[in-house]
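Next come the chains, spelled out residue by residue.
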Amino acid sequence: MNLETHIETIAQWLDAADVDAAPSRIADALAHNAVRESSGNYARATYGEILKGAYHEAAHSVVAHVFGLRAGRVCVRSDASGSSAYEFDQADLDSMQAATVAHLAGVALELIFCGAGEDPQRRFALRNSADILNARCDADACRALAPSLNLTNRTFAVLAVGAVISNMDAIERIAGALQASGELAGGAVEALCGQLQ
């Protein structure tokens, strides 16, 4: 496992994110998820794909919780897509930094543990994901809140990779519960996180 490669990959994806198009692309992704969620009409994914989706969403939730954000509903659907909600204050630097790292956690997990770095299709999907777009927008907001700090995209990539590795036990617990139930409320996420690193 070459962590430096994964850190560089995430940092490069953040550097390349189209910030101007990000708000509309993020809104489109949210609308697409809402339609999919309300219809309940999903393509069927394999068990392995659903488990990978559960780990991805669990990483977001656990890292958000570890960084002090309030966890919300997290789910994985039968098509292996999912979502993870967490609350953050857009006017607070610590909260925005935490959100940026949480947005990157699912991407970091897939690169480190799921072989996404070796799968061209998955790399493309992650590179162009709402996770990367949200992280880039929030990283830019952090830099605007604290221009004197050296908050590079690489800084956020390092934090995400470190947070995922340090909290794999909790991520595994949340992923297992998600795979079994499909969704968890924020209180369940916090309870399952247990003692954090």
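Cut-off values and rules
Residues numbered from 1 in each chain as written. Predicted model: local features only at pLDDT ≥ 70, side-chain atom pairs only at ≥ 80, totals over all residues. Heavy atoms only, no water. Buried < 20%, exposed > 50% of the residue type's maximum accessible area, 1.4 Å probe, protein only. Helix = DSSP H or I, 4+ residues; strand = E, 2+ residues; numbered from the N terminus. Pairing = 2+ DSSP bridges. Axes fitted to C-alpha atoms, helices over the stretch in contact; angles between N-to-C directions. Left-handed = near helix turned anticlockwise from the far one by under 90°. Contact = heavy atoms within 4.5 Å. Parallel < 35°, antiparallel > 145°, perpendicular 65-115°, else oblique. Nonpolar A, V, L, I, M, F, W, Y, C, P; charged D, E, K, R; others polar. Salt bridge = Lys/Arg side-chain N within 4 Å of Asp/Glu carboxyl O. 1 Å grid on protein atoms, 1.4 Å probe; cavity = no way out; pocket = protein on both sides within 12 Å on 5 of 7 lines; lining within 4 Å. Points joined across faces, edges and corners; volume = space filled by probe spheres on them.

Caption draft 1: A look at the pairing of strand S2 (residues 82-87). The side-chain alternation of S2 yields one buried face, formed by Gly82, Ser84 and Tyr86, and one unburied face, formed by Ser83, Ala85 and Glu87. Pairing of strand S1 (residues 70-76) with S2 involves 5 bridges; the strand directions are antiparallel. Note that in S2 the partner of Cys75 across the bridge is Ser83. Linkage of S1 to S2, two consecutive antiparallel strands, is achieved through a turn of 5 residues, within which Ala80 is found at a positive phi near 80°.

Caption draft 2: Just the packing of helix H4 (residues 93-113) against helix H7 (residues 153-166), in detail. Interaxial distance between H4 and H7 falls to 7 Å at its minimum, and their mutual angle equals 65°. Pair H4 / H7 crosses with right-handed handedness. Counted together, Gln97, Thr100, Val101, Leu104, Ala105, Ala108, Leu109, Ile112 and Phe113 of H4 and Phe156, Ala157, Leu159, Ala160, Val161, Val164 and Ile165 of H7 form the full contact between these two elements.

Caption draft 3: Expanded view of the packing of H4 against helix H6 (residues 130-145). Running from amino to carboxyl end, H4 crosses H6 at an angle of 155°, the nearest separation of the two axes being 8 Å. By the angle between their axes, H4 is roughly antiparallel relative to H6. With respect to the hand of their crossing, H4 and H6 are arranged in left-handed fashion. In contact with Leu93, Met96, Gln97, Ala99, Thr100, His103, Leu104 and Val107 of H4, H6 contributes Asp131, Ile132, Asn134, Ala135, Asp138, Ala139, Ala141, Cys142 and Leu145. Broken down by class, the residue content of the contact of H4 with H6 amounts to 11 nonpolar, 4 polar and 2 charged.

Caption draft 4: Region of the structure containing unusual backbone geometry. Although it is not a glycine, Ala80 sits at a positive phi angle of roughly 80°. By the secondary structure assignment, Ala80 is in the loop between S1 and S2.

Caption draft 5: Expanded view of the environment of Ala185. Considering the arrangement of structural elements, one finds Ala185 in the loop between strand S3 (183-184) and helix H9 (186-193). Taking the C-alpha atoms as reference, Ala185 lies 21 Å from Ala31; in sequence the two are 154 residues apart. Non-local contacts of Ala185, meaning those with residues more than four positions away in its chain, are made with Gly72 and Arg73.

Caption draft 6: The arrangement of the pattern of salt bridges in detail. Scanning the model with the defined rule gives 6 salt bridges in all. Linking Glu8 and Arg154 is a salt bridge whose minimum nitrogen-to-oxygen distance equals 2.8 Å. With a gap of 146 residues between them, Glu8 in helix H1 (residues 3-16) and Arg154 in helix H7 connect regions that are remote in the sequence. Of the charged contacts, one joins Arg73 and Glu183 as a salt bridge, the two residues approaching to 2.9 Å between their closest N and O atoms.

Caption draft 7: Looking closely at the environment of Ala22. Relative to the elements of secondary structure, Ala22 occurs in helix H2 (residues 22-39). Relative accessible area serves as the criterion here: at 1%, Ala22 is assigned to the buried category. Along the chain, Ala22 and Ala188 lie 166 residues apart, while their C-alpha atoms are 31 Å from each other.

Caption draft 8: Structural view of the pairing of S1. In terms of burial, S1 is a largely internal element, 5 of the 7 residues being buried. Pairing between S1 and S3: 2 bridges, direction antiparallel. By the bridge assignment for S3, Cys75 is matched with Glu183.

Caption draft 9: Examining the layout of surface pockets more closely. Size it by volume and the largest pocket reaches roughly 1200 Å³. Lining of the largest pocket is provided by 35 residues; of these, Asn33, His56, Glu57, Gly82 and Asp131 occupy positions nearest its centre. Elements with a minimum of two residues in the lining of the largest pocket: H2, helix H3 (47-66), S2, H4, helix H5 (120-127) and H6. If you tally residues by element for the lining of the largest pocket, the top one is H2, at 7 residues. In the lining of the largest pocket, the residues fall into 10 nonpolar, 13 polar and 12 charged.

In short, geometric facts, not functional conclusions.
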